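Single-letter residue listing:
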Amino acid sequence: MQTWAPVDVPRIAGSGPPLRLHDTATGRVRPTAPGRTALMYVCGITPYDATHLGHAATYLAFDLVNRVWRDLGHDVHYVQNVTDIDDPLLERATRDQDDWVVLGMRETALFREDMEALRVIPPRQFVGAVEAMGEIAELVGKLLAQGAAYRVDDAECPDVYFDSGVTGHFGYESNYDEATMTELSRERGGDPDRPGKRRALDPLLWRTARPGEPSWESDLGPGRPGWHVECAAIALNRLGPRIDLNGGGSDLIFPHHECSAAHAEAFTGVHPFAGHYTHTGMIGLDGAKMSKSRGNLVFVSKLRAQDVDPNAVRVALLAGHYRTDRAWTDDLLGRAAERLARWREAVALDAAPAADDLVLRMRTHLADDLDTPAALAAVDAWAAGTLERRGRDASAPRLVRDALDGLLGVVL
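Anyway, here's the lowdown on the structure attached to this text.

What counts and what doesn't
- Residues numbered from 1 in each chain as written.
- Predicted model: local features only at pLDDT ≥ 70, side-chain atom pairs only at ≥ 80, totals over all residues.
- Heavy atoms only, no water.
- Helix = DSSP H or I, 4+ residues; strand = E, 2+ residues; numbered from the N terminus.
- Rg over C-alpha atoms; globule rule 2.2 N^0.38 Å.
- Buried < 20%, exposed > 50% of the residue type's maximum accessible area, 1.4 Å probe, protein only.
- Contact = heavy atoms within 4.5 Å.
- Core = buried A, V, L, I, M, F, W, Y, C linked by side-chain atoms within 4.5 Å.
- Pairing = 2+ DSSP bridges.
- Axes fitted to C-alpha atoms, helices over the stretch in contact; angles between N-to-C directions.
- Salt bridge = Lys/Arg side-chain N within 4 Å of Asp/Glu carboxyl O.
- Phe/Tyr/Trp six-rings, centres within 6.5 Å; stacked < 30°, edge-to-face > 60°.
- Right-handed = clockwise from strand over helix to strand, strands pointing away.
- Expected span 1.5 Å × (residues − 1).
- Arc of directions from axis to C-beta.
- Parallel < 35°, antiparallel > 145°, perpendicular 65-115°, else oblique.
- Left-handed = near helix turned anticlockwise from the far one by under 90°.
- Nonpolar A, V, L, I, M, F, W, Y, C, P; charged D, E, K, R; others polar.

What follows concerns the overall build of the protein chain. Scanning the protein chain for helices and strands turns up 13 helices and 14 strands. The globule rule puts the C-alpha radius of gyration for 412 residues at 22 Å, and the 22 Å found for the protein chain is close to it. When the 412 residues of the protein chain are sorted by exposure, 58% land in the buried category. Taking contacts inside the protein chain between residues at least 6 apart in sequence as the whole, the part at least 24 apart equals 79%.

Let's shift gears to the nonpolar core. Nonpolar side chains in soluble globular proteins tend to be buried together. Membership of the largest hydrophobic core comes to 70 residues, with the highest contact counts inside it found for Trp328, Trp343 and Trp382. In terms of residue count, helix α1 (residues 53-71) provides more of this core than any other element does, 11 residues in total. With near-sequence residues (within four places) excluded, Trp343 lies in contact with Val315, Leu376, Val379, Asp380, Ala383, Leu404, Val410 and Leu412. Ranked by size, the runner-up nonpolar core spans 47 residues in total, among them Trp206, Val229, Ala232 and Ala235.

With that out of the way, let us pick up the sheet that holds strand β7 (residues 160-162). Across the sheet, four strands lie side by side as β6-β7-β8-β9; this open sheet has antiparallel pairing. Strands with a single pairing partner mark the edges of an open sheet, and in this sheet they are β6 (149-151) and β9 (223-225). Sheet twist, expressed as the mean angle between neighbouring strand axes with direction ignored, is 20 degrees.

So, on to the pattern of salt bridges. Counted according to the given criterion, the structure contains 35 salt bridges. Among the salt bridges present, the one from Arg304 reaches Asp114, with a minimum N-O distance of 2.7 Å. With a gap of 190 residues between them, Arg304 in helix α8 (residues 300-305) and Asp114 in helix α3 (residues 100-117) connect regions that are remote in the sequence. Overall, the relative accessible area of 26% leaves Arg304 in the partly exposed class. When its relative accessible area of 0% is taken as the criterion, Asp114 is described as buried. Measuring nitrogen to oxygen at the nearest pair gives 2.8 Å for the salt bridge that ties Arg207 to Glu213. Sharing partners across several salt bridges, the network here consists of Asp87, Arg207, Glu213 and Arg224.

Within the fold, Glu230 resides in helix α6 (residues 227-239). For Glu230, a relative accessible area of 2% gives the class buried. Separated by 98 residues in sequence, Glu230 and Ala132 have C-alpha atoms that sit 8.0 Å apart. Setting aside residues up to four positions removed in sequence, Glu230 forms contacts with Asn81, Val82, Thr83, Ala129 and Ile136.

So, about the sheet that holds strand β5 (residues 125-128). Where strands meet in a sheet, backbone hydrogen bonds hold them as pairs that are either parallel or antiparallel. Spatially, five strands are ordered β5-β4-β3-β10-β11 in an open sheet, and the strand pairing comes out parallel. Two strands close off the open sheet at either side, each with one partner strand: β5 and β11 (274-280). This sheet shows a mean twist of 20 degrees between the axes of neighbouring strands, independent of strand direction. Each of β3 (37-42), β4 (75-82), β5 and β10 (243-249) touches α6; the most contacted strand, β4, lies at about 150 degrees to it.

Bringing the packing of aromatic side chains into the picture now. Counted under the stated rule, the structure contains eight aromatic pairs. Aromatic pair Trp100 and Trp216: ring centres 6.1 Å apart, planes at 75 degrees, arrangement edge-to-face. Taken as a pair, Trp100 in helix α3 and Trp216 in the loop between β8 (204-208) and β9 lie far apart in primary sequence, 116 residues in all. Pairing Phe170 with Phe254 gives two aromatic rings, centres 6.1 Å apart and planes at 80 degrees, and the pair type is edge-to-face. A residue pair is termed long-range when its members are at least 10 positions apart, and Phe170 in the loop between β7 and α5 (178-187) and Phe254 in helix α7 (residues 253-268) qualify at 84 residues. Summarising the burial analysis for this pair, Phe170 and Phe254 share the class buried. Among the aromatic side chains, those forming a connected cluster through ring pairs are Trp4, Tyr59, Phe111 and Phe126.

In this section: the pairing of β4. Burial analysis of β4 places seven of its eight residues in the buried class, the great majority of the element. For the crossover from β3 across α1 to β4, the handedness is right-handed.

Compared with an ideal rise of 1.5 Å per residue, which puts 18 residues at 26 Å, helix α10 (residues 330-347) spans 26 Å between its outermost C-alpha atoms and is within 8% of the ideal. Listed in full, the buried residues belonging to α10 are Leu332, Leu333, Ala336, Arg339, Leu340, Trp343, Ala346 and Val347. All buried residues of α10 fall inside an arc of 140 degrees around its axis, so they share one side. Among the structural elements, α9 (310-318), β14 (326-327), α12 (372-389) and α13 (396-408) are those in contact with the buried residues of α10.

It is the contact of α9 with α10, at a shortest axis distance of 8 Å, that shows an interaxial angle of 110 degrees. Between α9 and α10, the angle is such that the two are roughly perpendicular. For the element pair α9 and α10, the recorded crossing hand is right-handed. Only Leu332, Leu333, Ala336, Ala337, Arg339, Leu340, Trp343 and Arg344 of α10 make contact with α9, whose side of the interface consists of Asn311, Ala312, Val313, Val315 and Ala316. Split by residue class, the contact of α9 with α10 holds 10 nonpolar, one polar and two charged.

Okay, unusual backbone geometry next. Here the amide bond leading from Phe254 into Pro255 is cis, since omega sits at 5 degrees, within 30 degrees of zero. Positionally, Pro255 belongs in helix α7. Between His271 and the following residue, Pro272, the backbone shows a cis peptide bond with an omega angle of -5 degrees. Its location among the elements puts Pro272 in the loop between α7 and β11. Positioned with a positive phi, Asp307 is a non-glycine residue whose angle comes to about 65 degrees.

In structure tokens form, the structure reads like this:
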């Protein structure tokens, strides 16, 4: 699948502290420890609607991880999927009397445009579930052969399920108790109440073909994959059995990340699948989380159509900490635009106070679990000092421009 245009990231002299990130599995902020190549998998969209600001906040957070690792000298192998076949996509296509393939292609194209406008560094590999169908089916077959999966005793729909008890670690990533996992499974596309399963929490691996639904031929028989195994197959085949970071929104903690990690670990025997499981908070509007089911969405594409500066959108979302559930308001966007105007006024001067300390503070704040509010405040302080006192360092404005661009993805 085609990704979006590459982003030119300025190289800034020097380096900052190693990146420390919150890990959901341990509940602690811990140092990341990638090798020369950092391996990152971030779960992508199900393309049945446009990119809203909740999506944007998530991908901006992991864009910062990408930028910080690059600033530290790592090559970053970043993979992202697109769930271009799943129940929500089919349901939306049916509701709107649309072709599900066309709907998925259209919304994926819009997502690429939104990410490019927000200057998100594209993944090295951007992989749709449909194009990965063969490798997904192959993984399911291997899990069956290993005894980690089974078919339910159902003559009409002998679907394949994963045995959640095989690894001995199921639940370690979310740390939820069984009652919570069962309820979340029920709310988020699982079927804990289906008869014939070994355990209520066993997730679907392969859905046998139903009349009127798209399906693919495979050694498993015609059908299509469950949601979680898609990410396991795509990540394993491109990044290997152990990655540095598995990321996404906090609504993916369970069942999606718990189950996809369990699939990978059952197949490879390597535990844990990811060194860090890192999750972003939810963006709210009108007192509730932005979601397609509620319809309380602010779309990136609509803001772009209103000629809103994508840099202002970026700054507005970075004004809150990535792990914090927070609200989107017009006032937040207005304050971001004012911030940008002050920064642009400051860097437009021929000379300014030295900016080396500012760059160090930005790096230090970002290394501390992506503390963007503190990083933005440091830029505010430099800009205020510059506009009040000016300075004599002719190289400072360019250095600040490059640091904001390279570390925060904000173009002045």
